[in-house]
Amino acid sequence: MRYDVAVVGAGSAGLFAALELAGSGLSTVLVDKGLAPRARTSNTCGVGGAGAYSDGKLNLTPRIGGDPEAIGCSVGELDELITHVDEVFTRYGAPAQYSGEDPEALGELRQSAAQAGVEFIAGRQRHIGTGRIREVIDAIYRDLVERGVRFELGVAAETIHHAKDQFTISVGQKAIVADSVLVAPGRVGAYWLREVARALGVGPSFGPLDVGVRAEFPAELYDPIERVMYDAKLRVRTPTYDDMVRTFCTNPRGFVVQEDHGEFVLVNGHAENDLKSGNTNFALLVHIELTDPVEDTTEYGRAIAKLSTTIGGGKPIVQRMKDLTQGRRSTADRIRRASVHPTLESFTPGDLSMALPHRVVVDLVEAVDVLDRLIPGLSSEGTLLCAPEIKFYDTRYAVGLGMETALPGFYVAGDASGHSRGIVFAAVTGVLAARRIREKAAR
Ligand SMILES: Cc1cc2nc3c(=O)[nH]c(=O)nc-3n(C[C@H](O)[C@H](O)[C@H](O)COP(=O)(O)OP(=O)(O)OC[C@H]3O[C@@H](n4cnc5c(N)ncnc54)[C@H](O)[C@@H]3O)c2cc1C
């Protein structure tokens, strides 16, 4: 099978690239190892990628979700691209309301945060909600099919070879040949991309890694902040190590979920439109940079994830804040007696200090203490810490204009490229790549 463009990964980056390519006259195929929106069985793989099972918090500011300079975009250009992505989501059914728009309330929150020693990053957000985002993804998928984009679903891309200005992708029993390839396999496929890119001679460099936990606490504690910004971005510098710890992906009245990565499990969180819990959760992540002699932050992160999974007997670990600070393991009985009940379906009551590096544990405890000044009650005994939460977007590929790597015709986009950390930025990188492919084809 021969196409002008092959896209690997039908997540946010791949779908937005396909929307740009549909109707351009370039034959396009999208390969995804997961299934079509209505047939999906995995919460990370399939059309819509990890975003389809998120609650669709769209961060609509260049300050959140990526690094404009690394993709060669000015803040102005990026603003336009973000507006475009937001409009597309709205056209396919995203609800119209925003949060984080009231300047007075934002100013007051920034002041309270500063007084507490916390940095607050304000930005406009649209909240689609879990049920609705699946409908939006399905609408995009059906439209793409109607407009002639071909989908190869339920089969993983295995290898990508390059010869005579053409790429050959082995997909199960088939070989797909294309002039240009855009690889956007998300976090779930980031490790696979490393091997593929190395074989093609465009190996990555390593950036910082984010390691930590998902904190879960009574929803009422976060209500005053949620009224100002649904998913407020808060940053703290820890006293002992001067490390940066940040909150990420807040889910008011949401649920903590398990992510399966084969060799290890991670945790994440989402919030449903209709089904609400009594808890709010957010990721609490320690920013780690490595230099000599270890630069491969991905391997370091994987080692931590595997250790935590081993200690948890193959499941995520949950520990009460109180047990962690008192140096003892949380037992099933202690978790049962806690004032906050875990929303994770399956977990091992455990001890984070056996699962995470000492420095990370110290950072987390200190960060909760500082954040408690802004979110009173956060450091109280009931708060639960679920581990591990690790963000693997540290493997980064050098890209030129339009996300093209040093190998002409080979593009990367989305979280696996190391250039995005969320739905909107992933979509932006997909749009950039597709526009570049169109532009080159038109010459
Ligand atoms: C539970 C959860 C909640 C989240 N909540 C939010 C949120 O509210 N807001 C936000 O901005 N972000 C959120 N995120 C992050 C967001 O989902 C990702 O940043 C975004 O989906 C990245 O898009 P992507 O296109 O790079 O990759 P993905 O969406 O991960 O898609 C990658 C696709 O590639 C496919 N793939 C991988 N390897 C191969 C292969 N070898 N062959 C074929 N196909 C392959 C996968 O099956 C997958 O469908 C959340 C993530 C999770 C897991």
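Residues numbered from 1 in each chain as written. Predicted model: local features only at pLDDT ≥ 70, side-chain atom pairs only at ≥ 80, totals over all residues.

**Brief notes about the overall build of the chain**
Applied cut-off: Only DSSP runs of H or I covering at least 4 residues are called helices, and only runs of E covering at least 2 are called strands; the numbering of each starts at the N terminus. Only the C-alpha atoms count toward the radius of gyration. The rule for a globule is 2.2 Å times the residue count to the power 0.38. Here contacts are defined at the residue level, using C-beta atoms placed from the backbone and a cut-off of 7 Å between them.
When helices and strands are tallied, the chain shows 11 helices and 22 strands. Computed over the C-alpha atoms, the radius of gyration of the chain is 21 Å, within 12% of the 22 Å expected from 2.2 N^0.38 for a compact globule of 443 residues. Structurally, the chain occupies a C-alpha span of about 65 × 45 × 40 Å along its principal axes. In the chain, 75% of the contacts between residues at least 6 apart in sequence involve partners at least 24 apart.

**Details of the site of the ligand**
Selection rule: In this text, near has one meaning. A residue is near a molecule or strand if its C-beta atom, placed using the backbone, is within 6 Å of it. Polarity classes work like this: nonpolar for Ala, Val, Leu, Ile, Met, Phe, Trp, Tyr, Cys and Pro, charged for Asp, Glu, Lys and Arg, and polar for all others, with Gly in that last group.
With respect to spatial proximity, 44 residues lie near the ligand, and among them Gly11, Gly49, Gly186, Gly189 and Gly414 are the closest. Split by residue class, the shell around the ligand holds 19 nonpolar, 18 polar and seven charged.

**Brief notes about the environment of Ala6**
By secondary structure assignment, the location of Ala6 is in strand S1 (residues 2–8). For the pair Ala6 and Phe151, spaced 145 residues apart in sequence, the C-alpha to C-alpha distance is 10.0 Å. In contact with Ala6, not counting residues within four places along its chain, are Val29, Val31, Phe167, Ile169, Ile176, Ala178 and Val181.

**Overview of the packing of helix H1 (residues 12–21) against helix H11 (residues 423–442)**
Here is the rule: Fitting a line to C-alpha atoms yields each axis, with helices limited to the stretch in contact; the angle taken between N-to-C directions then spans 0 to 180 degrees. Each crossing gets its hand from how the near helix is turned against the far one by less than a right angle, where anticlockwise is left-handed and clockwise is right-handed.
At a minimum axis separation of 7 Å, H1 and H11 run at an interaxial angle of 35°. Note that H1 runs across H11; the crossing there is right-handed. Every residue of H11 that contacts H1 at Ser12, Ala13, Gly14, Phe16, Ala17, Glu20 and Leu21 is listed here: Ile423, Ala426, Ala427, Thr429, Gly430, Val431, Ala433, Ala434, Arg435, Ile437 and Arg438. A per-class count over the contact of H1 with H11 returns 11 nonpolar, four polar and three charged.

**Section: the domain arrangement of the chain**
Our working definition: Note: domain ranges come from an automatic or database domain assignment.
Taken domain by domain, the chain holds domain 1 (2–97 + 124–204 + 397–442) and domain 2 (206–391). Placing the centre of domain 1 and that of domain 2 at their C-alpha centroids yields a distance of 29 Å. Between domain 1 and domain 2, the contact holds 16 residues from the first and 16 residues from the second. Elements represented by at least two residues in the side of domain 1 that touches domain 2 include exactly strand S6 (125–127) and helix H4 (130–146). The leading source of residues in the side of domain 1 that touches domain 2 is H4, at three residues.

**A word on the pairing of strand S16 (residues 265–270)**
The cut-off we apply is this: To sort residues by burial, count the other C-beta atoms lying within 10 Å of each one's C-beta; a count of 20 or more means buried, 12 or fewer means exposed, and anything in between means partly exposed. C-beta atoms are built from the backbone. Two strands qualify as a pair provided DSSP detects at least 2 bridges between them.
For S16, a buried count of six out of six residues is recorded, marking the element as mostly surrounded by other parts of the structure. Taking every second residue as pointing to the same face, both faces of S16 are buried, with Val265, Val267 and Gly269 on one and Leu266, Asn268 and His270 on the other. Here strand S15 (residues 255–260) runs beside S16; their pairing, made up of six bridges, is antiparallel. Looking at the pairing, Phe255 lines up with His270 of S16. Taken together, S15 and the strand that follows it, S16, pair antiparallel across an intervening segment of four residues, in which Gly262 is found at a positive phi of about 75°.

**Points about the pairing of strand S8 (residues 157–163)**
The pairing of S8 with strand S9 (residues 166–171) spans five bridges and is antiparallel. The residue of S9 that forms the bridge with Ala163 is Gln166. Where S8 folds back onto S9 in an antiparallel hairpin, the turn is made up of two residues, including Lys164, whose phi is positive at roughly 50°.

**A look at the sheet that holds strand S5 (residues 119–121)**
Taken together, the eight strands give an open sheet; going across it, the order is S5-S13-S14-S17-S12-S20-S18-S19, and neighbouring strands pair in mixed fashion. At either margin of the open sheet sits one strand with a lone partner, and together these are S5 and strand S19 (348–349). Inspection of the sheet shows strand S12 (residues 209–218) paired to strand S17 (residues 279–288) by 10 bridges, in the antiparallel sense. Pairing of Ala215 across the sheet is with Phe282, part of S17. Relative to the sheet, helix H10 (residues 358–371) contacts S12, strand S13 (233–237), strand S14 (244–251) and S17, its axis offset from that of S17 by approximately 130°.

**Thoughts on the sheet that holds S6**
Reading across the sheet, the three strands line up as S3-S6-S4 and stay open at both edges, with antiparallel pairing between neighbours. Bordering the open sheet on either side are strand S3 (57–59) and strand S4 (98–99), each of which pairs with just one other strand.

**Some words on the nonpolar core**
Basically, it comes down to this: Among buried residues, those of type Ala, Val, Leu, Ile, Met, Phe, Trp, Tyr and Cys that are joined through C-beta atoms within 7 Å form a set called a nonpolar core.
Counting residues in hydrophobic clusters, the biggest one holds 132 residues, and the most contacted among them are Ala6, Ala17, Val181, Leu182, Cys386, Ala413 and Val428. Formed jointly, this core draws a minimum of three residues from each of two domains, domain 1 (2–97 + 124–204 + 397–442) and domain 2 (206–391). In this structure Val181 touches Ala6, Ile160, Phe167, Ile169, Gly409, Phe410 and Tyr411, once residues within four positions along its chain are discounted.

**Focus: the packing of helix H2 (residues 75–91) against H11**
Which entries qualify depends on this criterion: Oblique is the label for any angle not covered by the other classes, which are roughly parallel (under 35 degrees), roughly antiparallel (over 145) and roughly perpendicular (65 to 115).
Put simply, H2 and H11 touch, their axes get as near as 9 Å, and they point 105° apart. Between H2 and H11, the angle falls in the class roughly perpendicular. Packed against H2, whose contacting residues are Leu78, Leu81, Ile82, His84 and Val85, the element H11 presents Val424, Ala427, Val428 and Val431 at the interface. Partitioned by chemical class, the residues of the contact of H2 with H11 number eight nonpolar, one polar and no charged.

**Regarding unusual backbone geometry**
Each neighbour pair has its own omega, and for Ala387 with Pro388 the value is 0°, a cis peptide bond. Position of Pro388 among the secondary structure elements: in strand S20 (residues 384–391). Even without being a glycine, Asp242 presents a positive backbone phi close to 55°. With respect to the helices and strands, the residue Asp242 is situated in the loop between S13 and S14. Located in the positive-phi region is Cys249, a residue other than glycine, with phi close to 55°. With respect to the secondary-structure elements, Cys249 resides in strand S14. For Cys249, a count of 24 C-beta atoms within 10 Å corresponds to the buried category.

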